[in-house]
Structures are given as C-alpha cells and as structure tokens.
Amino acid sequence: MPYNFADIEKKWQGRWSDSHCFESHTDPSKEKFFCLEMFPYPSGALHMGHIRNYSIGDVLARFLRKKGKNVLYTIGFDSFGMPAENAAIKFKTKPHDWTLSNIAYMTEQLKRMGYSYDWHREAITCLPEYYRWNQWIFLQMYKKGIVYQKEAPVNWCESCGTVLANEQVENGVCWRCHNAVTKKNLKQWFIKITDYAQELLDDIEKDLQGWPNRVRIMQTNWIGRSEGARLSFKIPDLNYELEAFTTRFDTIYGVTFIALAPEHELVKKMLEAMTPDEAEKLKAFVKKVTSQSSIERSDAKADKLGFETPFYGINPVNGKRVPIWIANYILSDYGTGAIMGVPAHDTRDFDFCRKYNIPVIPVINPVDGTQLDGAAMTEAFTEDGIACNSGEFNGLKTSEAIKKMIDWGEAQGICKREVNFKLRDWLISRQRYWGTPIPFVYCEKCGVVPVPEEDLPVRLPEDVEVKEVGHSPLLDLPEFLNTTCPHCGGPARREADTMDTFFCSSWYFDRYCSPGDEKAPFEKSDVDYWMPVDQYIGGIEHACLHLIYARFFAKFLTDIGLTEYREPFTRLLTQGMVIKDGAKMSKSLGNTVDPTEIVKKYGADTVRLFILFAAPPNNDLEWSDRNVEGAHRFLNRVWRYVEENCASLKQYGAKIISMDEIKAPALRDFKRKIHSTIENVTHDIYDEKQFNTAIARLMELTNAVYSLNDTSAEAWELKREAVETLLNCLSPFCPHITEELWEMLGHEKMLCLEPWPVADKNSLTQDSVTIVGQINGKVRGKFERPAGMSREDLQKSILSDPYMVEKIAGKEILKVIAVPDKLVNIVVKG
RNA sequence: GCGGGGGUGGCGGAAUGGUAGACGCGCCAGACUUAGGAUCUGGUGUCAAAAGCGUGGGGGUUCAAAUCCCCCCCUCCGCACCA
C-alpha cells in the first residue's frame, strides 16, 4: 500500500476534530502552557511565512501536550484594516463580506495543515463580540486619563488617506504602502503610552530574558531614554524664557548659538517683533523647511539650513549673549524643540557653525593633553575629556563634570535634571472605515462625550459601499453619524474615525483565555491561569510595533486591576523569512509558492517537515523544491518500513527489553541509539527550539532501523521499540502519517494523546568509546577502549599501543594530556 | 555614523575549547529494472598522495581553537540630525 497522504490527512483531521482532543480548559490543578502565534491578517490566503510560523507553534504545542502540560493553543484573525477597503473598491464588494470569506478560506487551509488549534477559542477582531471590548478598554483608558485628544502635526499618508502612529513610519515612509509620509495638523486621539516609558524600558532587562537580544535592543533604542538637564535662556528683546534640553550640561560654557525648530512657538512671537522685511524672509525660510518631506528633513547627511534671527539669548552661566537661529535639523517634537548649540562638542552643531561662520569654543580637551583650537578644529570633539574654558569647573573629567555642574546648576536655579524619551504617545485614530469605531460623540452643548459602557458596542455599519481610498463611507451615513448626546439628550454627531488595528492585536491573547465572554473582555480567573504567554512566535517586523503596544496594554490592564501579569510574553521566538531566489516571497516579485499546491502534491506532513528541517527557525529559509522532495522521500521511507514489516513488528513489542538483558554489541548500540535519540530530540525541541537537528536525529534513527539486519526475536522487540519511539517523536512534526502508522501497529489510542517518551539512563551508558590518539594536537589514531577508564589507565593504554609506540619512536615525550573517554594527546619533540 | 547578527564543502546546515563537515540536497559509481526523474548499495572538503592543507584575512592564548582574545575585511538587519 503506497503512502496515500491525502486520505490519511483527511482521516486524522476528522478524528482529532471529532474527539475534541485539542480543546483545553482552565484548570489550576494542571500545569499550563500558553503557546501563541501572531495571528494572521485575512488577506485571502496563507503564505509560506504563515506556514512556517504555525508549523513551529504546532510542534511546540503537540510536544508540550505530550509532556503533560495543559496547553492553550488557538488562533484568530486580525481582521480590521486597509486591504479590505481596497479590495472592496477593486472587487465591488463589502469589506465585511470580503474579510469573512477570506477567513473561511484561510480557516480551511489551516485545518488542512493539521494544526492542533482549539477552535472554540478563536477570536475574530472585526466582529462586534470582539471589538465592543476594544471600545470598552478604550473607555477605561479614557477614565484613567491616558486617552486624550490633541491638535498636533501628525504623520499623514496620502495614499492610505489616514494618519499613522510614529511606530508606523519607517524611514519617512508608510509601513504599509511605502509612500512618503507628510505632516498635517489635525485633532486626533492619542494614548499616553509615554506614561509607561520607564517601565517598558526597565522590564526589558527585568522580565524579557526569554526574548532575542536583538528585539530587546530594538525596543530599548525605540524607547530611547536620555538623561540630562533642562535649562532656560532669557531673551530680553522678546521678554521670553527659552527652554532647552541637553544631555551635556558640562558643555554649557561652549554655547555659541541657540537653535529652534521652525515649528517652535517662539517663531510667531519673533515674526511679530521683527521688521516686516525681515519677517517675510523668516516666513519664507520656515515655509521652505516645513515643506520638505520627512525623508529630506530627517536625512542626517543632508545640508543643514539655518536662518539667523535678530534676537539673542543670555547664557545663564556666564551672561554671554548668543545669537538665536532657526534651523532645519532641530526636531520640534523632541525635548523642547530648541537646543543650546555647542559646535566644539557636537557633530551637528559643528557642521552648522562651519557653514554659517559661527564661532567654535572648545570647553573640553582630550585626555592626552592636546589643547583644542576652536578656529582650527576640523571636526567636533565628542569624546570624554577634561573641562576647560569652564570657570571653576576646569580640570574635571567629563563624567564628573556632568554630575557636578548639574548639581551646581540646580543649586543656582539655572537648570533641572530631566529625563527624555524618544517614545511618543500612540496616535490611535484612523480616518478609515474598516476598524473599531471610537466610542465618542460630539455634542454642541456638552462637547466630547464618551459613549456609556452599557451602550456598547458602537456598531460599525456593514452594509456600505466603499467608493474611494481616503474617504470613509461612515461620513456619508447620517444614520451612523447622527445620534443623541448621552449626557443632555440633544443632537450629537458620532466620531467617524476608527481605531488603529494595533489596538485589536494588543490583547487578543487575553480573549483567547475566555472565548465568547459576553460580560467582559475576559474572565480574570481565566487570564490569571493562562497568562502570560509561555512561548510567542512571530516575525521580527513587530519588534517596535505590536510587541510594544501589547506590553503597554498588559501594564495598563494590570494597573486597573483586570489582570495580574505585567509582561505578556515570557519567551519570544522570531522566525526568519521564507526566501525564494534570494528574495522574500512576495506577490509583487512573483516568487511565491502557494502552500495549497504543495500540500496537494506532497501532503501537509511533507510541507511541515521540509519547512522545519531546511533551516533553524531564526534563519531565513530558502525555498527548495528539491528539498521538499527530500522530505517527502524520508516520509516514504518511514512509511515503507513500517508497512512492510508491520506483521513482524506487531508480533513483538509485548515487553521492552532492558539494556541489562541485551548481550550482542550491535543490539546494545541499537538500544542506545533509541534512547540517545529521545534525549537529543527532547533537548533540541524544547531547550534549543532547533527543529532541524531534531529531525536530523530522527532520520538517523530511521537509518539505524533500516540497517539492523538481525532478525532474532530480541532484535524485533528492539525494532518495535525503535519504530514506536520514532513515530512518537516524529508526530509533533508530521502528525498524520505517524497517527496512521501508529494505528497500523495495532494501537487504539491516538498517538497525539500518547505521552512523550523518556530516555532511560541505563540505556544511554556506553560500553566502549573511541579514544582519539593525538600527537602534538594532530589526530594520529583512533582506539576502542572500555568506557570510564581512569585518566592514568587511559594514558598508559594509549601510550603502550603498538601503533602509537611506532609513531612516537625516537621522539622525546614532553607531556601527555589524557581526557577520559575522549582523547590522549602526546606532546613530543623531534 | 551608531547598534546587533552572520561569514564552515557545490548547496541548506551540524559541531559543552577535544575526531570539523552530523542530517539532508546535489553529484559520482553500481544493483534491480523494458525504462527510470521510483527504490536500494557504496562513495563524495582539497590534493596523485599514507603526508600536507583546510571553518572570511592576519596575529595571539592553549597540549588542543570554527569555538576564547586583539586587529582588519566582507555581508545582512535595525536605528538614524533624539540635542
């Protein structure tokens, strides 16, 4: 009977589903394991990246169930978002219908892969059962004062027709469509994620040891903490105190100018105080700079542009007058939007001053004793050194100077210690239709009023026509827009913006714990039991997006008493990309491989095996049709062996023969192979998450089974043990074929319910070992010796071996190093 | 520029400081076959070679280095005027 994967896979998927064997329940008497994968966006069909992600997760889930853990493993769909609107326009359908039909198709695909999801926990974010709790959580945030509206220059993507959060702008372009992002002044909803900046930072070190270092560093940089001081410069002509932030208060004596961002509020006051002629020039400058795209403005290599104003500020430490400039390289939304310019010790300020002939005054000399000359310097000196030209602080080392000068400044009332973060508040509103409606109304009398919790959900109308990108159909729906004020009962208008979809994905794992809860987003007892996630698996691209937002949510939900955990994901695995012909598989490059086609041709087990064997999870994985065939060939080999030897194998296996009973060396080796395989595979799967080597070990065991030609009863007993071990250990990777063969061997209980095998220590002991004989560190011979020989005996034995005696004849032995059970190295001269 | 990974056969990749190249792909030879792009057996770093040489390059530590230290090169990724 050939290996008929199509029928076999269908059969077992049916059995698993009918028996509900993958459903899990909250049970504090059992040890839990929450295995989570980043849920997909229902774009239409699964791609190989999904298959890779979920195959990794399924191996872990199936493995841990066998290890006796109560495993929560399920999936959902992150189903709000732009593509549904675009598709609606293109295919003249409705986002709701398009999305749900995609979900249906992708669900089918997932089931075909044999993933052991608990489908009764599934969460679909675009359904009101789910998004009403987005609205509810948003209202809790509002109550706690961390939701606010603000008019501010925000990131605007013209092609998506909406604003974007800071995290969603990559190198000045939109993360989704890669078009240039501009700034626009709009009143928008924000969440004060910055309140949590310090905790988000601290907990990276404290609680995220199970995360890849790379992601921890990326988040650390994104949060971007810097310590320094805030100080102010009096501007007599404008009767204004200009505040600036600096991390280098020790360079305060080196200030030769002040620079403002063109958006700074002081610019307005300046314009009023300037002559009309000068004001026109300044206006033109500001216009020029602010009309630059984000890409141009944030390019560090681009030319620095400045405009010298007729105003000056007073350096608080020495009373010196310094000119005030407006410059394009000053960011309006970091610090105070103004800087103290110290060209001698800051690269950017240096470039600026050389261009505009502003004096350079060094206030730190290198430790080697060189005296810097401001006029002659060719680049800024940014290293630590010794303070000079700094009055009473001369001679201090930089680290000391920073501390002492700020101490002094604080005592004098000149400055105040301050910590700044790069992290910005999370801009949550989107000018889109297909998202969670923001639960607020605008009342002429009462202003901005939250929708009362009992009125949730604010339902998103589903029967709409999306006509053009950038225009939400909600704006044309009076029945949605027109409402009454919950406060005064008067006429009011609904907020037509929807939430960033990252809001949905910040807590879906909590929902998995309490599926279908109608009274709350989740039951505390469920979440207390299941959370935090023990293993999260997904792409690196979310390092500073989803993974920061979800961490923030965890902290907020705990602060309002809904949960007990402060970090949602204990361990994180970021799988590499699936590559073909040297590039990431993508529709636009036309180098995709459709999982459905491959599953049809080879079966789900083969696809899973290939994708897990071809590379370790963290590496990128090059698709190879040949290697898919290789994986298929291996499964055929396993199938053929069990099928052809089924009768003999079934005849035996009544008892497991212990190592002590086995005499023949070949059989002892075979027994050892079985148990070392168990030990290594267990370690590779759980400790290393190194599935490629785990599979390699199973291939070795298969090879060993094939090569054992002994047909004694004893040998058959052992072969039975080997085959059953092989099937059990292979089953998390290739669950269908292994169930089928397991059944063929006469088992009635499903293999997925069978406990994971345990390596027998006694079967692992070596009878003899290969000792490497080295001369001067070079391998010269190999010798079989009994295991466990003492250092002395081993040394004697190898030194007296005729082969080695001959090799070292006539040479003077200087030293001998013997490592028990490993090697003997003879150091000789001559 | 700053930060973080990587660099091992023809390829994907293995190697607690201790036999470099497990396992697989590919390739070569043979067997079985009407046939093989099925299957099985053997071989496969380099070199004519038992020797020698081999883990990006150069130094070093060590009895012993892919692995530890220093310098350099290449490559991928992230951040990028954050004061």
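Residues numbered from 1 in each chain as written. Chains lettered and ligands numbered in written order. Predicted model: local features only at pLDDT ≥ 70, side-chain atom pairs only at ≥ 80, totals over all residues. Heavy atoms only, no water.

Participant: Now, about the overall build of chain A: what can you tell me, with residues and values included?
Facilitator: When you go through chain A residue by residue, the secondary structure sums to 28 helices and 34 strands. Dimensions of chain A along its principal axes, counting C-alpha atoms only, are 105 × 85 × 50 Å. Buried residues in chain A amount to 54% of all 830 residues. Considering only residue pairs separated by 6 or more positions, chain A has 72% of its internal contacts joining residues 24 or more positions apart. Put simply, chain A shows about 36500 Å² of open surface, and 50% of that area lies on carbon and sulfur atoms. Looking at charge distribution, chain A has the averaged site of its 102 positive side-chain charges lying 3 Å from that of its 116 negative ones. (Helix = DSSP H or I, 4+ residues; strand = E, 2+ residues; numbered from the N terminus. Buried < 20%, exposed > 50% of the residue type's maximum accessible area, 1.4 Å probe, protein only. Contact = heavy atoms within 4.5 Å. Areas by Shrake-Rupley, 256 points an atom, 1.4 Å probe, with all protein chains shown as cover. Lys, Arg positive; Asp, Glu negative; His and termini not counted. Charge placed at Lys NZ, Arg CZ, Asp CG, Glu CD.)

Participant: Quick one: what's the story with the protein's contact with RNA strand B, residue by residue and with numbers?
Facilitator: Every one of the 54 residues lining RNA strand B counts as a neighbour, but Ser298, Arg348, Ala614, Lys782 and Lys822 are closest to it. Residue Thr246 places a side-chain N or O atom 3.1 Å away from a sugar or linking oxygen belonging to RNA strand B. The separation between a sugar or linking oxygen of RNA strand B and a polar side-chain atom of Asn627 is 3.1 Å. Partitioning the surface near RNA strand B into residue classes produces 20 nonpolar, 15 polar and 19 charged. (Near = heavy atom within 4 Å. Polar contact = N/O pair within 3.5 Å; in protein donor to acceptor, adjacent residues only side chain to side chain. Nonpolar A, V, L, I, M, F, W, Y, C, P; charged D, E, K, R; others polar.)

Participant: Pulling in residues and values, what's your account of the packing of helix H20 (residues 625-644) against helix H25 (residues 735-744)?
Facilitator: Put simply, H20 and H25 touch, their axes get as near as 10 Å, and they point 5° apart. Classified by the angle their axes make, H20 and H25 are roughly parallel. Here Leu635, Val638, Trp639, Val642 and Glu643 of H20 come into contact with H25, specifically with Ile737, Glu740, Leu741 and Met744. In the contact of H20 with H25, the residues fall into 7 nonpolar, no polar and 2 charged. (Axes fitted to C-alpha atoms, helices over the stretch in contact; angles between N-to-C directions. Parallel < 35°, antiparallel > 145°, perpendicular 65-115°, else oblique.)

Participant: Please give an account of the sheet that holds strand E31 (residues 768-775) that cites residues and values.
Facilitator: Reading across from one edge, E32-E31-E34-E33 is the order of the 4 strands in this open sheet, with mixed pairing throughout. Unpaired on one side and paired on the other, strand E32 (778-786) and strand E33 (812-819) mark the two borders of the sheet. Each neighbouring strand pair of the sheet contributes to a mean axis angle of 20°, computed without reference to strand direction. Where E31 and strand E34 (residues 823-829) come together, 4 bridges link them in parallel fashion. Bridging from a neighbouring strand, Gln774 pairs with Asn825 of E34. Across the sheet, helix H27 (residues 791-799) is in contact with E31, E32, E33 and E34; its angle to E33 comes to roughly 130°. (Pairing = 2+ DSSP bridges.)

Participant: Talk me through the environment of Ser226; I want residue IDs and the actual numbers.
Facilitator: One can find Ser226 in strand E10 (residues 225-235). Taking the C-alpha atoms as reference, Ser226 lies 68 Å from Glu661; in sequence the two are 435 residues apart. In this view, Ser226 contacts Phe245, Thr247, Tyr334, Glu418, Val419 and Asn420; residues no more than four positions away in its chain are not counted. In terms of polar contacts, Ser226 uses its side chain to reach the side chain of Tyr334, at 2.8 Å.

Participant: Account for the pairing of strand E5 (residues 147-157), naming residues and giving values.
Facilitator: Along any regular strand, the residues point their side chains to alternate faces of the sheet. In the sheet, E5 pairs with strand E9 (residues 181-191) via 11 bridges, with the strands oriented antiparallel. What sits directly across from Glu151, in E9, is Lys187. By the bridge criterion, 3 bridges tie E5 to strand E6 (residues 162-164) in an arrangement that is antiparallel. Bridge assignment links Asn155 to a residue of E6, and that residue is Leu164. Linking E5 back to E6 in an antiparallel pair, the connection comprises 4 residues, with Gly161 at a positive phi of about 65°.

Participant: Can you break down the nonpolar core residue by residue, with the values?
Facilitator: Counting residues in hydrophobic clusters, the biggest one holds 184 residues, and the most contacted among them are Trp426 and Phe733. Apart from the residues within four sequence positions on either side, Trp426 is in contact with Ala165, Trp189, Phe190, Ile191, Ile193, Asp500, Phe502, Phe503, Ser506, Tyr549, Phe552 and Phe553. Residues Leu260, Met270, Ala380 and Leu396 belong to the second largest nonpolar core, which totals 59 residues. (Core = buried A, V, L, I, M, F, W, Y, C linked by side-chain atoms within 4.5 Å.)

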